Amino acid sequence: MANRSNPRKRKTPASSKLGSRKKKARTRSRKKKTSKKQKWLSFSSWPVRLFILSSFLFLAYVIYLDVTIRVQFEGKRWALPAKVYARPLELYPGKKIATAEFLHELKILGYRYAHQTKEAGTYAQSGEHVLINTRPFLFWDGEEVSRQIRLRIVNEHIERIDAIDTNQLLDIFRLEPAVIGRIYPAHNEDRELVKLNEVPTLLVKGLLALEDRSFFEHHGLNPKAIARAIIADIRAGKMVQGGSTLTQQLVKNFFLDNERTLVRKLNEALMSLLLEWHYDKDEILEAYINEIYLGQDKKRAIHGFGLASRFYYDKPLSRLNLSQIATLITLVRGPSYYDPWRNPKRLIKRRNLVLSIMAEQKIITHDTSKRVQRLALDVIPKPSGVSGAYPAFMELVRRQLRRDYRARDLSAEGLQIFTGFDPTIQKTVEQALTKRITQLDKKHNLSGNLQGAVVITESSNGEVLALAGDRAPRYAGFNRALDAHRPIGSLVKPAVYLTALESKQNQKYNLTSLLDDNALTIKSNADQLWSPRNYDGKSHGQTPLVTALMNSYNQATVRLGMELGFEPIVDTLKRMGVMSSIDPYPSMLLGAVNLSPYQVARMYQTLASGGFNTPLRAVREVLAVDGSPLRRFPLKIEQTIQPENLQLLNSALTLVTQKGTARYLANVLPETLQVAGKTGTTNDLRDSWFAGYSSSHLGVVWLGQDNNQSIGMSGSSGALRVWADIFRKLETYSLEPLELDSLTYHWIDSENGLITDEDCPGAIYIPFYKGTEPEQVSDCQ
């Protein structure tokens, strides 16, 4: 029987055992690796957690960018500035205006001389005739269309106005007002918004041909352009080329800054994709056309093709020709580098390249391209403009907007603010103030430190027509017209004398009441002695009230004020419009009251406007962007001085300018121009004042030094000279006496207050309440 070995007991060869062990080792290794891989991929491993965290942060950042885009792009995309306008120039037969003055007005408005006035905003002149093609304008009371107007100006007066387009003779016509300033919500950016359907097709096609030919195919990024830019950047070792689509350019200008960093480029790419995801191509293109920066006008940044068309060509975008369109497209690449006024040759070269590319892209024909390339640039002369040139007045506008309108209404954008500002009067003020201050400064050796301020208003309604707050009126510094509070000196005296004339309905005082002008000494509550003296150092004994005011006698005024009492005089000042607190001390009677020139104008406005306490106003009307008027807080106007008492005072103040401290005016103003006013001088000749008015204008002038040192000038020798230089050039009207049945006029001897004859020495013609005139007659000799 054969011997069979048991297979289970059979010995395994050594090689077989070795192979088995290797196999087990490989199995264990695979299990170990699998275990490590599972562990590495598990949620608790740091790589996975880092990846998840990074993904979460990136997603959160994308959401943040998305919200930023939608909030800014769906809300008010642009903060449009408020435009501040001067008064519109009203023209009518008989109006006094020289041809040169009228042409200056046209220059302020930006009108251009042309042989043929075919376009709005142009004019031509031939002899006595001026032909203008006006611009359309939306006024607060309706729209004025563009018209062809011919004026005939003879001997500095308008003789007739013809409307050529309608063949009519006009009784009155007004030009559009000049923009004198802008109030920017932020960044000094200005633009004129246009809809895409208002943009010329040639501009859209040319812009895309130059900036982004695949605009309607990509989704915000152009991979090929980006690749080209990356290669160029690598070769240069820095960022030298952009691969930006038009969408990316919009994102950069609208949301980001111009910094060339990797982070900014990443943001730009992400935001471009998000912008394209949310908005259609037309909306993005329209936003780009309104956003792109295309020039600089001093501090004002010109954004968008709509405003650029006005700025460079004084035309709406829809009326540009091919050369002008190509020029604006050129400016996209660098409005400063291709500035048409500084670099015209460089601009023409680039414009011609734009035209060639438009021909290559079959937007225009090659013949058209070659023909237009031969054309010269036809941009208008660089606008000199007046916007931003009147800092003192603009500051007043800002303050009165806050005073008269609700803050939430003023937060609206694109407001139109109409004022009574008169550029011609402002020019007269600036020239007179600067020239006279220069002369006086040199004469009194003040080393350039003499300063000044001027306020001019309309007598009837308190509208501010001109304002200067510095000897250099275009300097935007300390506004002395509004903020220089100085003692007003003898400007306070009309309030003292008016109080006397009003007392007991004039039963005690009239213009011939005798006042004591002898020296006096007053003891104050602090046991201090005050001895006011007259400017001439003399006492004049018993003198008529009108003569004391004419010659500004201090001693007579203080005695009168002490008899009347401080409180009634303070009340008179309040009724005249003084809003600040007044200390009722004896020195108040000679002008120890600190007011600004603007506050003095408010005080004298009551006298100039017929006794009505009239708040001064710079703003006529404010329109919203849709042309609707904003509601304003009502202005309280009330009559605080009776006509008879006002006429008594006006007669005395008229004599001040004819025979009193302001008699210099009688030598320099036209004989037919009658005005009223008062000089003011403070202690040690520190302040020089004059306030005066005609029937149509009120003017206040202050001269002094900011350090409150003496200037060596009285009101007569300083401020009065500036006032005279202004008023002898104004188209102003004589102050005529009121015709009141309760008053009667007589010739009076100014020395003793008695009735006299017209041809007697010192005779003055003054009013009285009937029954209060003197009965005694003065001997002419």
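Above this note sits the structure.
As a starting point, this report considers the structure included with it. Please read these numbers as outputs of a predicted model, since none were measured by experiment.

Comments concerning the packing of aromatic side chains
Now for step 1: Under the defined criterion, the tally for this structure stands at 18 aromatic pairs.
Now for step 2: Seen from their ring centres, F137 and F418 are 6.0 Å apart, and the 90° between their planes marks the pair as edge-to-face. In this pair, F137 sits in strand β6 (residues 137-139) while F418 sits in strand β16 (residues 416-419), placing the two residues 281 residues apart along the sequence.
Now for step 3: Judged by its relative accessible area of 10%, F137 falls in the buried class.
Now for step 4: Take F418: its relative accessible area is 0%, and that puts it in the buried class.
Now for step 5: Taking the ring centre of W140 as reference, the NZ or CZ of R174 above it sits at 5.8 Å.

Things to note about the packing of helix α9 (residues 304-313) against helix α10 (residues 322-331)
Now for step 1: Remark: α9 packs on α10, axes separated minimally by 11 Å, with the N-to-C direction vectors making an angle of 115°. Note that α9 runs across α10; the crossing there is right-handed. Every residue of α10 that contacts α9 at F305, A308, S309, Y312 and Y313 is listed here: Q324, T327, L328, I329 and L331.
Now for step 2: Each residue belonging to the contact of α9 with α10 can be placed in one class, and the counts come to seven nonpolar, three polar and no charged.

Some details on the environment of I153
Now for step 1: Along the chain, I153 falls in strand β8 (residues 148-154).
Now for step 2: Residues I153 and K96 lie 57 residues apart in sequence; the distance between their C-alpha atoms is 9.1 Å.
Now for step 3: When sequence neighbours within four positions are dropped, the list of residues in contact with I153 reads I97, T99, F102, E128 and I158.

A short note on the sheet that holds strand β14 (residues 293-297)
Now for step 1: Pairing in this open sheet of three strands is mixed, and the strands run β13-β15-β14 from one edge to the other. Edge positions in the sheet fall to β13 (189-191) and β14, since each of these pairs with one other strand and no more. Within this sheet the neighbouring strands show an average axis-to-axis angle of 35°, counted without direction.
Now for step 2: Across three bridges, the pairing between β13 and strand β15 (residues 300-303) is parallel. Looking across to β15, one finds that E189 is bridged to A301.
Now for step 3: Across the face of the sheet, α9 comes into contact with β13, β14 and β15 while running at roughly 115° to β15.

Some thoughts on the pairing of strand β28 (residues 676-681)
Now for step 1: In terms of burial, β28 is a largely internal element, five of the six residues being buried.
Now for step 2: Pairing of β28 with strand β29 (residues 687-693), which is carried by six bridges, proceeds in the antiparallel orientation. Following the sheet pairing, G680 is matched in β29 by W689.
Now for step 3: As consecutive antiparallel partners, β28 and β29 are separated by five residues, and within that stretch D684 has a phi angle of approximately 60°, a positive value.

A closer look at the sheet that holds strand β1 (residues 82-85)
Now for step 1: Ordered in space as β12-β1-β16-β26, the four strands form an open sheet in which the pairing is mixed. Of all the strands in the sheet, the pair left with one neighbour each is β12 (179-183) and β26 (619-623). Each strand of the sheet is rotated relative to its neighbour by a mean of 20°, with strand direction disregarded.
Now for step 2: Note: β16 against β26, four bridges, orientation antiparallel. The residue bridging I417 from the neighbouring strand is V622, located in β26.
Now for step 3: Strands in contact with helix α13 (residues 391-404) are β1, β12, β16 and β26; relative to β12, the strand with the most contacts, it is inclined by about 55°.

Focus: the pairing of strand β17 (residues 450-458)
Now for step 1: Among the nine residues of β17, eight are classified as buried, and the element is accordingly described as predominantly covered.
Now for step 2: Sheet analysis places β17 next to strand β30 (residues 697-705), joined by nine bridges and oriented antiparallel. Across the sheet, residue T457 finds its bridge partner in β30, namely L698.
Now for step 3: The hairpin turn running from β17 into strand β18 (residues 464-468), its antiparallel successor, is five residues long, and G462 in that turn takes a positive phi close to 75°.

Some points on the side chain of T543
Now for step 1: Topologically, T543 is positioned in strand β23 (residues 542-544).
Now for step 2: Those residues in contact with T543 that sit more than four places away from it in its chain are S513, L514, L515, D517, A548 and Y553.

Procedures and definitions
- Residues numbered from 1 in each chain as written.
- Predicted model: local features only at pLDDT ≥ 70, side-chain atom pairs only at ≥ 80, totals over all residues.
- Heavy atoms only, no water.
- Phe/Tyr/Trp six-rings, centres within 6.5 Å; stacked < 30°, edge-to-face > 60°.
- Helix = DSSP H or I, 4+ residues; strand = E, 2+ residues; numbered from the N terminus.
- Buried < 20%, exposed > 50% of the residue type's maximum accessible area, 1.4 Å probe, protein only.
- Lys NZ or Arg CZ within 6 Å of the ring centre and 35° of its normal.
- Axes fitted to C-alpha atoms, helices over the stretch in contact; angles between N-to-C directions.
- Left-handed = near helix turned anticlockwise from the far one by under 90°.
- Contact = heavy atoms within 4.5 Å.
- Nonpolar A, V, L, I, M, F, W, Y, C, P; charged D, E, K, R; others polar.
- Pairing = 2+ DSSP bridges.

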